[in-house]
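Report on the structure
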Amino acid sequence: MDDQVTVIMPALNEEAVIAKVIERVRAVNDSWHILIVDDGSTDRTAELARAAGAEVVSHPYRKGNGAAVKSGIRAAKTEYVVLLDSDGQHPPERIPDLLEAAKTHELVVAARTGNKGALHRNLANSLYNRLASYVAAFPIPDLTSGFRVFHRATVLRFLYLFPNSFSYPTTSTLSMLRAGHSVKFIPVEFAPRVGKSKISLLSDGVRFLLIIFRITMMFSPLRIFFPLFLGTFAIGATYLGVSLARTSTFPPAALFILFSSVLLFAMGLLSEQIAQLRLAYTEVRDDE
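What comes next is a walk through the structure. Please read all numbers here as calculations on a predicted model, not as lab measurements.

Cut-offs used in this document
By convention here, each chain's residues receive numbers from 1 onward along its written sequence. Totals for whole chains, interfaces and linings use all residues, but because this is a predicted model, local features are given only for residues with pLDDT of at least 70 and pairs of side-chain atoms are given and counted only at 80 or more. Side-chain numbers come from the whole structure's heavy atoms, not from hydrogens or water. The rule for a salt bridge is simple: a side-chain nitrogen of Lys or Arg has to be within 4 Å of a carboxyl oxygen of Asp or Glu. Helix and strand definitions follow DSSP, with helices as H or I runs of at least four residues and strands as E runs of at least two, each counted in order from the N terminus. Only protein chains enter the accessibility calculation, which uses a 1.4 Å probe; a residue is then buried when its area is under 20% of its type maximum, exposed when over 50%, and partly exposed in between. Take the buried residues of types Ala, Val, Leu, Ile, Met, Phe, Trp, Tyr and Cys, join any two whose side-chain atoms come within 4.5 Å, and each joined set is a nonpolar core. The contact criterion used is simple: two residues touch if any of their non-hydrogen atoms lie within 4.5 Å. Directions drawn from the helix axis to the C-beta atoms are what define this arc. When DSSP finds at least two bridges between two strands, those strands are taken to pair. Axes, fitted as lines to C-alpha atoms, cover a helix only where it is in contact. Angles between the N-to-C directions of the axes lie from 0 to 180 degrees. Nitrogen and oxygen atoms within 3.5 Å of one another constitute a polar contact, given that in protein one can donate a hydrogen and the other can accept it, and given that sequence-neighbouring residues count only through two side-chain atoms. Two rings belonging to Phe, Tyr or Trp (six-membered ring only in the last case) form a pair when the distance between their centres is within 6.5 Å. Interplanar angles under 30 degrees mark stacking, angles over 60 mark edge-to-face geometry, and anything in between is tilted.

Counted under the stated rule, the structure contains six salt bridges. One salt bridge in this structure joins Arg24 and Glu93, with 2.9 Å as the shortest N-O distance. Here Arg24, found in helix α1 (residues 18-28), pairs with Glu93, found in the loop between β4 (80-83) and α4 (95-102); they are 69 residues apart in sequence, far enough to count as distant. Judged by its relative accessible area of 42%, Glu93 falls in the partly exposed class. Put simply, Arg112 and Asp142 hold a salt bridge, and the shortest N to O gap is 2.7 Å. Remark: Asp142 occurs in the loop between α5 (119-136) and β6 (148-151) and Arg112 occurs in strand β5 (residues 107-112); sequence separation between them is 30 residues. The exposure class assigned to Asp142 is buried, which follows from its relative accessible area of 2%.

As structure tokens, this is what we get:
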């Protein structure tokens, strides 16, 4: 497997650590191909990466972490691609464990253990993990970890869904789970980050939530529509029951709410059928 592995590291102004991270990867396995995607850095990141022996793909300006990941996956030529942050948080020493699991799974994710950061960030990640686990009907201990291994041929099918921002881990995890691919999470202890995080809790947090809902609507819309139907129907039925008990009348508002719940259920079924047809069409195209 060694000559079929590309370690892809998106990098933005990481001159302080990039050479050390490359050296750590080399120390684990010198046969792996190392690809640095320089996302418009204004420092010596690209220069130092080349000096350390890595191949460098440079963006002429900053496009985003997800865009860098997409550039790296497109440029890779190997069967397996490893996504590794260039800031020193992800331990390259655990890559062999992820690759071993990748023999039987299309996506392997390093799930962070221990103290993952500030309290507010931990709470937000816990919310995302719980919501994503419901959406995917699969336990997801770490939705946003960027340390992962893909089968390149498989992930190329979903690359068009990846946003250009930091949200590609969310998109890739949910997309592959909802499409029926095998996903495994391996507990890994991450190191403290060197420097300031480029992720905004507010703006990127809202983006994570929107992506969760977008992927759900694309692959399994009933996971959203059915709870809405149940909630709306319960409100309408309760309103109708209370009105009948008190005044023996049928309030138009209650009937409107009940009718709306039926429409929500019908829209959910229609959306589910469209999603299944789209998936079936995608599978046929891949086979061709």
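A general feature of soluble globular proteins is that nonpolar side chains tend to end up buried together. Counting residues in hydrophobic clusters, the biggest one holds 36 residues, and the most contacted among them are Ile8, Ile140 and Leu174. Secondary structure elements with two or more residues in this core: β2 (33-39), α3 (65-75), β4, β5, α5, α7 (168-178), β7 (183-188) and α8 (201-219). Sorting elements by how many residues they give to this core places α5 first, with five residues. Look past the residues within four positions of Ile140 in its chain and what remains in contact with it is Asn129, Ala132, Ser133, Thr173, Leu174, Leu177 and Phe185. In terms of nonpolar packing, the next biggest core, distinct from the first, is built from 30 residues, Ile18, Ala46, Ala54 and Val56 among them.

Taken as a whole, α4 has its buried residues at Ile95, Leu98, Leu99, Ala101 and Ala102. Angularly, the buried residues of α4 cover 160 degrees about the axis, an arc narrow enough to put them on a single face. Next to the buried residues of α4 lie β1 (5-11), β4, β5, β6 and β7.

Across the sheet, which stays open at both edges, the seven strands sit in the order β3-β2-β1-β4-β6-β5-β7 with mixed pairing between neighbours. Across the chains shown, the open sheet's two edge strands, defined by having one partner strand only, are β3 (55-59) and β7. Taking each pair of neighbouring strands and ignoring which way they run, the sheet shows an average axis angle of 20 degrees. Pairing between β5 and β6: three bridges, direction antiparallel. Of the residues in β6, the one forming a bridge with Leu107 is Phe150. Contacts from α7 reach β4, β5, β6 and β7 within the one sheet, and its direction differs from that of β6 by about 50 degrees.

Along the chain, the position of Asn129 falls in helix α5. Take Asn129: its relative accessible area is 11%, and that puts it in the buried class. Within polar-contact distance, the side chain of Asn129 engages the backbone nitrogen of Leu143 at 2.9 Å. Setting aside residues no more than four positions away along its own chain, Asn129 makes contact with Ile140, Pro141, Asp142 and Leu143.

Turning our eyes to something else, we now look at the packing of aromatic side chains. On inspection of all chains with the given rule, the structure shows seven aromatic pairs. Arranged with centres 6.2 Å apart and planes meeting at 50 degrees, the rings of Phe147 and Phe190 form a pair that is tilted. Taken together, the residues Phe147 in the loop between α5 and β6 and Phe190 in the loop between β7 and α8 connect sequence positions 43 residues apart. Given the relative accessible area of 0%, Phe147 is considered buried. With a centroid separation of 6.0 Å and an interplanar angle of 35 degrees, the aromatic rings of Phe162 and Tyr168 are classed as tilted. The exposure classification of Phe162 matches that of Tyr168, with both residues buried.

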